[in-house]
Amino acid sequence: MRVIILGPPGSGKGTQADLISKEFSIPRISTGDILREAVREGTELGKRAEEKMKKGELVDDETIIGIIKERVGKDDCKEGYILDGFPRTLPQAQALENIPTKKEIVFSFNISKEELVKRLASRLVCPKCKAVYNSISFPPRIPNTCDLCFSSLIRRSDDNEESIERRYKVWESEGNVIIEYYAKKGNLHNIDASLDTKVIFEQICNIIDKKI
Ligand code: AP5
């Protein structure tokens, strides 16, 4: 099974992808996390991606498609995987068609710009284990400390006003094309991403359970 989560920045893609990953024992593949790790390690990929990411612009399709092809070819993806942050452009969606899967379920997260800006302004992330928190809706047990690995939490460098604005604009122009693409394919499920995390997760699980 291939689960795809589409949605604007801050709509909760990573939060839900993590929960689905645990529930269905399939890996979450986040292109954003892969790129951030490459930036942190200073690899060739990281050097190429860093400027674009800081500005909230997309990294080029060829690079991203290459990353996904390599990652889904790994053994842990044999039973399925969740794509968080991919595809983001039409060429990325078309490239995915060359990677066969028995079932593909696509979720489109809908949320107002006002709400996502609020969420991103209060997001905290663990630089080590990648856990995501929110100082308002999902605070860590000990302030600024990861519940799981006890590392100090940080703000993402692209969670600033300018980059959020740019990421949202990019989503508006590219995201609608992708949504239309999957709507035509007939496997798109719209999700009200402004609801409570648990409520959204239940809806998603119900849809997945019916499809598998
Ligand atoms: P990426 O890391 O994918 O960022 P994004 O799409 O901007 O999405 P976010 O990670 O910001 O948000 P999210 O929807 O995962 O929300 P989250 O669950 O954290 O990409 C970063 C950059 O990498 C891109 O700008 C681009 O440069 C590059 N890139 C990545 N993929 C690419 C691709 N395919 N092609 C080209 N370039 C690519 O939740 C947000 C906050 O809200 C958290 O604090 C969370 O705790 C809270 N929250 C979540 N759900 C709820 C809820 N229901 N109620 C209340 N709070 C909630």
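Report follows, based on the coordinates.

Rules of the game
Residues numbered from 1 in each chain as written. Predicted model: local features only at pLDDT ≥ 70, side-chain atom pairs only at ≥ 80, totals over all residues. Heavy atoms only, no water. Near = heavy atom within 4 Å. Polar contact = N/O pair within 3.5 Å; in protein donor to acceptor, adjacent residues only side chain to side chain. Areas by Shrake-Rupley, 256 points an atom, 1.4 Å probe, with all protein chains shown as cover. Helix = DSSP H or I, 4+ residues; strand = E, 2+ residues; numbered from the N terminus. Nonpolar A, V, L, I, M, F, W, Y, C, P; charged D, E, K, R; others polar. Expected span 1.5 Å × (residues − 1). Buried < 20%, exposed > 50% of the residue type's maximum accessible area, 1.4 Å probe, protein only. Contact = heavy atoms within 4.5 Å. Phe/Tyr/Trp six-rings, centres within 6.5 Å; stacked < 30°, edge-to-face > 60°.

**Describing the site of the ligand**
- With respect to spatial proximity, 35 residues lie near the ligand, and among them Thr15, Glu57, Arg88, Arg123 and Arg167 are the closest.
- A distance of 2.9 Å separates an oxygen atom of the ligand from a polar atom in the backbone of Gly14.
- Thr197 is positioned with one of its side-chain polar atoms (N or O) 3.3 Å from a nitrogen atom of the ligand.
- In isolation the ligand offers 1,100 Å² of accessible surface; the protein chains occlude 96% of this area.
- Those elements that place two or more of their residues in the shell around the ligand are α1 (13–24), α2 (31–41), α6 (113–121), β6 (132–134) and α8 (197–211).
- Top element by residues in the shell around the ligand is α2. It accounts for 4 residues.
- Residues that form the shell around the ligand fall into these classes: 13 nonpolar, 12 polar and 10 charged.

**A short note on helix α4 (residues 61–72)**
- Taking 1.5 Å per residue, 12 residues should reach 16 Å; α4 reaches 16 Å between its end C-alpha atoms and fits that length.
- Looking only at α4, the buried set comprises Thr63, Ile64, Ile65, Ile67, Ile68, Arg71 and Val72.
- Buried-residue contacts for α4 involve β2 (28–30), α2, α3 (44–55), β3 (81–84) and α5 (90–96).

**Observations regarding α2**
- Turning to α2, its buried residues are Thr31, Gly32, Asp33, Leu35 and Ala38.
- The elements touched by buried residues of α2 are β2, α3, α4 and β3.
- Residue Gly42 follows α2 closely and has a positive phi angle near 70°.

**Concerning the side chain of Arg2**
- You can see Arg2 is positioned in strand β1 (residues 2–6).
- A polar contact of 3.4 Å, which involves the side chain of Arg2, links it to the backbone oxygen of Leu96.
- Within the structure, Arg2 has its side chain in polar contact with the backbone oxygen of Ile99 (distance 2.7 Å).
- Once you skip the residues sitting within four places of it in the chain, Arg2 turns out to touch Tyr81, Leu83, Leu96, Ile99, Pro100, Thr101, Lys103, Glu104 and Ile105.

**Overview of the environment of Val117**
- Mapped onto the elements, Val117 comes out in helix α6.
- Owing to a relative accessible area of 35%, Val117 belongs among the partly exposed residues under this scheme.

**Some words on the packing of aromatic side chains**
- Applying the stated rule across the entire model yields 2 aromatic pairs.
- An angle of 15° between the planes, with centres 5.6 Å apart, marks the rings of Tyr133 and Phe138 as stacked.
- Given the relative accessible area of 4%, Tyr133 is considered buried.
- Residue class for Phe138 comes out partly exposed when judged on its relative accessible area of 47%.
- Ring centres of Tyr181 and Tyr182 lie 5.0 Å apart, and the angle between their planes is 90°; this geometry places the pair in the edge-to-face category. For the pair shown, Tyr181 and Tyr182 are each scored as buried.

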